[in-house]
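Read off the chains here:
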Amino acid sequence: MSQAPIVLEARGITKQFPGVLANDHVDFDLRQGEVHALLGENGAGKSTLMNILYGLYQADAGEIRVNGNVLTLNSPRDAIEHGIGMVHQHFMLIPVFTVTENIMLGAETDHRSLKSQSPLVKLDRKQVSQIVRDFSHQYGLDVDPDAIVGDLPVGVQQRVEIVKALYRKANILILDEPTAVLTPQEAEELFRIIRELTARGVSVIFISHKLKEVLAIADRITVMRAGRVVGATTPAQTNEHQLAAMMVGREVILSVQKEPAQPKEDVLVVENLRVRDVRDLEAVRGVSFTVRAGEILGIAGVQGNGQTELAEALTGLRHIESGTVKLVGRDLTNASPRAFTQTGLAHIPEDRQRHGLVLGYTIADNMVLCDYYRPPFSQRGVLQHQVLDDNARKLIRDFDVRTPSPYVAAGKLSGGNQQKVIVARELSRPVRLVIANQPTRGLDVGSIEYIHKEIVLMRDQGVAVLLISAELDEIMSLSDRIAVMYHGQIVTTVDAKAVTREQLGLWMAGAQPETA
Amino acid sequence: MQTVDDRKSQSGWQQVLRSAFNAMLVPFLAIFTAVVVGGVIIALAGGNPWAAYLGLAQGAFGSARAWSETFVWATPYIFAGLAVALAFKGGLFNIGAEGQLAFGAVATAWVGYALPEILGIEIPGILHLPLAIGAGILAGAIWAAIPGALKAYAGGHEVINTIMMNYIALNITSYLLNGPMKDKNPLNVIARTPEIAEGARLPVIFEGLRVHWGFPLALLVALGVWYLLWKTTLGFEIRTVGANPDAAKYAGINFRRVIIVTMALSGLLAGMAGAVEVTGLNYRHELGFSIGYGFDAIAIALLGKTHPLGVVLASILFAGMRNGATRMQFLTQIPVDIISVIQSLILLFVAADAIIRYLYRIKAKEDRLVLTRGWRG
């Protein structure tokens, strides 16, 4: 592999953001036909580096060479012209357009001359869809050019993004956290495609914070921490523990330490729940389950199988069509969010920036987002600022939120610290049920470790926990029982100790459990 | 790294001053730039910008009388500006201040002149004045609560509905002033109400000057709005719904109720602008007296960064410009219309603050103001 020529080289890349040195003299290179994984926690500087290579940011110092020539990349268009393509974590596709239309978007003319664009040029759909078919065939991508993108499964949408890059003649592909939205089986399929691509000379930069998949797919691994490259290795020379230690800068415990659960009375009883999503389609289709005090019920499933709507229905945020929700014996079907919190719900929401926090508010205000109206935080309709201050300082200390002061806006905190603010707020009041939806999404290993410990601690104190996560590892290591959700229904509920990753993956993809 | 307690000692006034400086930087530079550009326009038209601005300043702040007139102008600006600013804080764009103000004025005028006749008694001032102003603010509040309810329960966008309700309010007002409420005095040809009773009038502060107690009242109300927004539970709810409606729902805030209450409070303040103009200045409601206050209020709220103190300062500035313009024209023959140009430029630079940030190389520090949201917001 070392004989292959270097196609992309970054030397001494430095990028300063206000208050953060995001890239500090970073060196990185990519050889033709290899998969070079870039591993690091959130905030390590991976995305900054890739955005510089893709022309979205300009480096303060350092140089970029493509095929030996020094380049200045001022925009993604420059990057595309030099054969660099990127598949973002959040797809840049228009759901109501067909695959072909999405692929043409921004390159509507003859794909051989991206530059000459006239707004009045006729769209040659037929030609492009033939090219899509050719690529599909050549790389085993299996994409129907005439399908509407919104109808396609996430894994296929990702392939559309890859075809889009190839159509723009990319021979260097940057994949940003590509497996975050995939089932284990879909991830396997992606890995097959990546191998197919590299075999034909495409070079791939694979960005991830997941150790297992990096070890599985990469030829070389570069680890970043706090804006610097802290090591380069190959899968043959290293293992998960070593990589984790490099990433975090200390030894980490990868699995969660917990005693067997001692479940007691039923806390949350859900019966025959039906809920519609924003498009008015039935997203939760007759779900029933029970969560008992002192246990963690994990809901496994690929994103978009009704988990979001389920969580919203169980917290008063979404209308329930039929069925019942009972919390500690009280019927809370279609009750207000406040009725839920007052009955003893703590809710760690899926989207921390949209639901969990007011980003422009101080930490102190965010710490009372659900409790601001009651004593001691308010007296006769007037906020008690001294109490809010004391409360914030105590929670910042107890939950180890890293901030210079309680009066920093929540939006200025890192993702991990934002999540700690939410966890602190929700778990610090007397609760009977915790609903944690993707509680560690996008967080660094240290924060994940911390939040997992807090969740297990709640369980051990006799609180019922409903954990919803797309991370199979998280579900498997935290849950006492696991329910698998697929197409709005619970396929099966199993003992967490008696199930394998592979089995869960199959159920998540829609396989029916054998009825014994 | 500093500990939490180190920072506490440094917070307080220093932090307040720093954030006030940051908040006022862009508006101040916007005014400065607009004045420079306005000066160039005056010079291009053959005038002398120095003389023009000197005349403007004299007319606005050059004498006790000038100050008095500036404060007279500023009074409705402050009330209406607070109305728009409060709605902005709740994530709502109240374009309907004009209509709410008109209804406030009509209701106040009616209580002022008709109520004593109907009751057949002279109402003592201690009762009549609060009744008259109370009727005005109630009318404004109800008129604004309607688009609030439409937004909360039917998803009707408040921008569209407040505009439409302006037309309804202004046309009903026109009908009332030309018909049932018209001054019956045979000499009167104007669409206006009779004069309100003596007891329903806000007294002037100094004999011989027109500035009346409505101005100090406006300052007091500005203080009240600040207290409401930042010190009370209701204010917390209003700001949360404005800053992040999804988080507000998550937090258990009854966002429908908060939207209606926010609009009602906004309309209350706009209605107060009308009520105070009637009780403190005109002693009647006359068709056309208020044209534009409700719209200038949007500019004032934006220039004041939707903060009550900013609204007061912006109101006095706009009032001074309006008031000084006449003297400027008298001294230099430069038409008063240039003032509208400068005011528009100020607003343009505040709204499109990227221009100012680029010109003066200021980095964006604060979150951008959300002027309005989509239908589903």
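Each chain carries its own residue numbering, running from 1 in the written order of its sequence. Just so you know, chain letters begin at A and ligand numbers begin at 1, following the order they were written in. Reporting in this predicted model follows two pLDDT cut-offs: at least 70 for local features of residues, and 80 or more for side-chain atom pairs to be given and counted; totals over whole chains, interfaces and linings ignore these cut-offs and use all residues. The side-chain values count all of the structure's non-hydrogen atoms but skip hydrogen atoms and water molecules.

Only Phe, Tyr and Trp rings take part, Trp by its six-membered ring, and two of them pair if their centres are within 6.5 Å. Stacked means planes under 30 degrees apart, edge-to-face means over 60, and tilted covers everything else. The full count for this structure, using the stated rule, is 12 aromatic pairs over all chains. Here the aromatic rings of B:Tyr77 and B:Tyr293 are separated by 5.7 Å at their centres, their planes lie at 80°, and the arrangement is edge-to-face. Of this pair, B:Tyr77 sits in helix H4 (residues 64-89) while B:Tyr293 sits in helix H12 (residues 293-303), placing them 216 residues apart in sequence. Just above the ring of A:Tyr139 sits the side chain of A:Arg200; from NZ or CZ to the centre is 5.8 Å. Here a strand is any run of E in DSSP of at least two residues, a helix any run of H or I of at least four, and the numbering for each starts at the N terminus. Lysine and arginine charges are scored as sitting over a ring when NZ or CZ, respectively, is within 6 Å of the ring centre and within 35 degrees of the ring normal.

Once that is clear, we can look at the sheet that holds strand S15 (residues 330-331) of chain A. All names here are of chain A. Two strands pair if DSSP finds at least two bridges between them. The strand order S12-S11-S14-S15 describes an open sheet built from 4 strands, whose pairing is antiparallel. Across the chains shown, the open sheet's two edge strands, defined by having one partner strand only, are strand S12 (282-292) and S15. Across 8 bridges, the pairing between strand S11 (residues 266-276) and S12 is antiparallel. Each residue of the ladder has a partner; that of Asp266, found in S12, is Arg292.

To continue, consider the confidence of the model for chain B. All names here are of chain B. For chain B, per-residue confidence averages 89 on the pLDDT scale, and 92% of positions sit at 70 or higher. Values of pLDDT, the confidence the predictor places in each residue, fall between 0 and 100. Across chain B, helix H8 (residues 214-231) holds the top mean pLDDT of 97, while helix H1 (residues 4-10) sits lowest at 41. Predicted confidence is poor over residues 1-10, with pLDDT under 50, and the contacts of this stretch with residues over four places away or in other chains come to 15 contacts. Among the scores for the predicted complex, ipTM is 0.84 and pTM is 0.80. When checking whether two residues touch, look at their non-hydrogen atoms; a contact exists if any pair is within 4.5 Å.

Another point: the packing of helix H2 (residues 13-44) of chain B against helix H3 (residues 49-61) of chain B. Residues and elements named next belong to chain B. Packing of H2 against H3 leaves a shortest axis separation of 9 Å and a crossing angle of 120°. Of the possible angle classes, the one that applies to H2 and H3 is oblique. Between H2 and H3, the residues in contact are Val35, Gly38, Gly39, Ile42 and Ala43 and Pro49, Ala52 and Tyr53, respectively. Looking at side-chain class alone, the contact of H2 with H3 contains 6 nonpolar, 2 polar and no charged residues. To define axes, lines are fitted to C-alpha atoms, for helices over the stretch in contact only, and angles between the resulting N-to-C directions are given on a 0 to 180 degree scale. Any angle from 65 to 115 degrees is called roughly perpendicular, while one under 35 is roughly parallel, one over 145 is roughly antiparallel, and all others are oblique. Following the grouping adopted for this structure description, the nonpolar residues are Ala, Val, Leu, Ile, Met, Phe, Trp, Tyr, Cys and Pro, the charged ones are Asp, Glu, Lys and Arg, and the polar ones are all others, Gly among them.

Time to look at the interface of chain B and chain A. Facing the 26 residues of chain B at the interface are 33 residues of chain A. By salt bridge we mean one thing: a side-chain nitrogen of Lys or Arg within 4 Å of a carboxyl oxygen of Asp or Glu. Here chain B is connected to chain A by 1 salt bridge. In this structure, A:Arg354 engages B:Asp246 in a salt bridge whose closest nitrogen and oxygen atoms are separated by 2.8 Å. Breaking the side of chain B that touches chain A down by element, the ones donating at least two residues are H1, H8, helix H9 (233-243) and helix H10 (245-250) of chain B.

Moving on, we get to the pairing of strand S22 (residues 489-495) of chain A. Each regular strand displays side chains that alternate between the two surfaces of the sheet. All names here are of chain A. With 6 bridges joining them, strand S21 (residues 481-486) and S22 adopt antiparallel strand pairing. In the sheet register, Val484 faces S22, and the bridge partner there is Thr492. Between the antiparallel neighbours S21 and S22 lie 2 residues, among them His487 with a positive phi of about 50°.

All names here are of chain A. Ordered by their spatial adjacency, 6 strands build an open sheet running S16-S19-S20-S13-S21-S22, and the pairing between neighbours is mixed. Each end of this open sheet is capped by a strand with a single partner; those strands are strand S16 (345-348) and S22. Direction aside, the axes of adjacent strands within the sheet are offset by 15° on average. Sheet topology note: the strand S19 (residues 433-437)/strand S20 (residues 464-469) ladder contains 5 bridges and is parallel.

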